[in-house]
Amino acid sequence: MAVEIRFTAASVAKVRFAVSPLGETVLALRILLGTGGHAVHQPWVLRARPLLAGEHELPLLQALIAGPMPSFLFPVPQERLPSMATELGLLRATEEAFFRREYSAVLGREETPEPTALLPRLVEALHRCHELLIAPHWGRMRAVLEADIGRRALTLVDGGAQALFTELHRDLAWDGDQLVVHGRRTPHAIYTVDTGQHGLVLLPSVFNWPNVGVDKSPVTAASIRYPAVGIGLLWEAPPPTPAGLSPVLGRTRTALLTALAEPLTTTALASHLGITPSAVSQHLGALRGAGLVSTQRTGRTALHLRTERATNLLGTSAP
């Protein structure tokens with residue numbers, strides 16, 4: 001299967017990035033239900049699958065997620081970093097006609113349940129699954145996704161749209177006024193997606209890795225999910241904290257520097273270290289003053305990363 005995403009001059013100017021906690025939750029459930037997934041996620045799967053067994057709406061989730069998935073499960077984010085609650089609100093507000101069309105087409109059933117009865121159940125089930133399976137890791141996941149967006153934005157600035165699309169995935173190819181997404185299973189089938197007046201949203205993904213996915217029936221903006229860079233390190237156990245620094249910096253600040261081998265938010269650090277965000281902020285302030293941590297702010301989000309000085313310090317103090 002190939003998908004041709006057609007652009008106009010106006011829609012090329014509306015290419016943007018976003019992160020989708022709802023999309024990641026749905027794709028994570030797909031892996032846990034035994035469809036798709038990659039060995040890179042196996043450490044997470046081994047911990048998460050037993051937790052899912054107690055979900056009482058598991059039959060509903062299996063019906064909608066284990067096979068071909070309806071597009072209403074993936075509402076296009078209207079902002080770069082929406083909350084899970086915001087995205088669940090979009091899902092709950094799915095138009096009835098679109099819901100019935102997608103449900104019937106994907107599941108092959110002429111009779112469809114009432115959206116007002118099914119959607120609230122689905123929203124609550126996805127909320128529970130997110131809190132149980134994704135939220136404990138979301139700070140680290142979001143940091144990886146945001147770092148990927150930062151990298152792609154630089155590619156767009158340096159090389160333009162063609163360079164951006166070429167770099168995203170080997171299955172993407174820019175061809176004149178359209179982006180072609182090449183498939184491998186049914187290469188002779190072709191879908192056409194028109195970006196129209198809404199443009200295209202690019203969504204880096206953890207749980208769609210290493211594949212690229214396209215919404216073939218968008219209601220608003222077209223969207224592509226592509227594998228984010230850095231997924232291979234996401235589930236690795238953190239390295240041991242260098243013992244030699246702890247008496248000097250303190251155990252918490254040493255652990256914080258060790259964690260900041262990759263960019264992380266204050267919330268992610270708090271979750272990782274088991275302390276409050278305000279305590280993390282205080283430690284970061286001291287480390288920043290010592291030239292051991294740098295912070296980059298984008299809107300309301302701050303990403304922290306240890307400096308080269310801190311990396312050298314950790315390396316020379318390791319036992």
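The text that follows walks through the structure, step by step, so that each part is easy to find.

Details of the sheet that holds strand β8 (residues 222-227)
Taken in spatial order, the 4 strands of this open sheet run β2-β6-β8-β7, and their pairing is mixed. Since the sheet does not close on itself, it has two edges, and those belong to β2 (16-17) and β7 (213-214), each with one partner. Inspection of the sheet shows strand β6 (residues 200-205) paired to β8 by 6 bridges, in the parallel sense. Looking at the pairing, Val201 lines up with Ser223 of β8.

A short note on the side chain of Arg152
For Arg152, the position within the fold is in helix α7 (residues 115-168). Overall, Arg152 belongs to the buried group, its relative accessible area being 3%. When neighbours within four sequence positions are excluded, Arg152 is seen to be in contact with Phe17, Leu164, Glu167, Leu168, Tyr226, Pro227 and Val229.

Here's the deal with the pattern of salt bridges
Opposite charge on two side chains makes pairing possible when the charged atoms of those side chains draw close. In the structure shown here, the tally under the stated rule is 10 salt bridges. For Arg142, the salt bridge goes to Glu146, with nearest N and O atoms at 3.3 Å. Of the two residues, Arg142 and Glu146 are both situated in helix α7; the distance of 4 residues between them amounts to about one turn of the helix. Taking the shortest distance from any N to any O, the salt bridge between Arg152 and Glu167 comes out at 3.0 Å. Taken together, the shared-partner salt bridges in this structure form one network comprising Arg80, Arg142 and Glu146.

Description of the side chain of His41
In this structure, His41 sits in the loop between α2 (21-32) and α3 (42-52). Setting aside residues up to four positions removed in sequence, His41 forms contacts with Ile31, Val206, Phe207, Trp209, Ile231 and Trp235.

Some details on the environment of Ala286
Looking at the element boundaries, Ala286 is found in helix α11 (residues 277-289). For Ala286, a relative accessible area of 32% corresponds to the partly exposed category. Taking the C-alpha atoms as reference points, Ala286 and Arg253, separated by 33 residues in sequence, lie 9.1 Å from one another.

Quick word on the pairing of strand β11 (residues 301-306)
Of all 6 residues making up β11, 5 are buried, and the element is well covered by its neighbours. Summarising the sheet, strand β9 (residues 264-265) and β11 pair through 2 bridges and their orientation is antiparallel. Considered in β11, the bridge of Leu264 is made with His304.

Remarks on the nonpolar core
If you look at the biggest cluster of nonpolar residues, it comprises 67 residues, and the most contacted ones within it are Trp44, Leu64, Leu122, Leu126, Phe207 and Ile224. The element contributing the most residues to this core is α7, with 17 residues. Beyond its immediate stretch of four places on either side in the chain, Leu122 contacts Leu60, Leu61, Leu64, Phe72, Leu73 and Leu91. Leu269, Leu284, Leu287 and Val293 belong to the second-largest nonpolar core, a separate cluster that totals 17 residues.

What counts and what doesn't
Residues numbered from 1 in each chain as written. Predicted model: local features only at pLDDT ≥ 70, side-chain atom pairs only at ≥ 80, totals over all residues. Heavy atoms only, no water. Pairing = 2+ DSSP bridges. Helix = DSSP H or I, 4+ residues; strand = E, 2+ residues; numbered from the N terminus. Buried < 20%, exposed > 50% of the residue type's maximum accessible area, 1.4 Å probe, protein only. Contact = heavy atoms within 4.5 Å. Salt bridge = Lys/Arg side-chain N within 4 Å of Asp/Glu carboxyl O. Core = buried A, V, L, I, M, F, W, Y, C linked by side-chain atoms within 4.5 Å.

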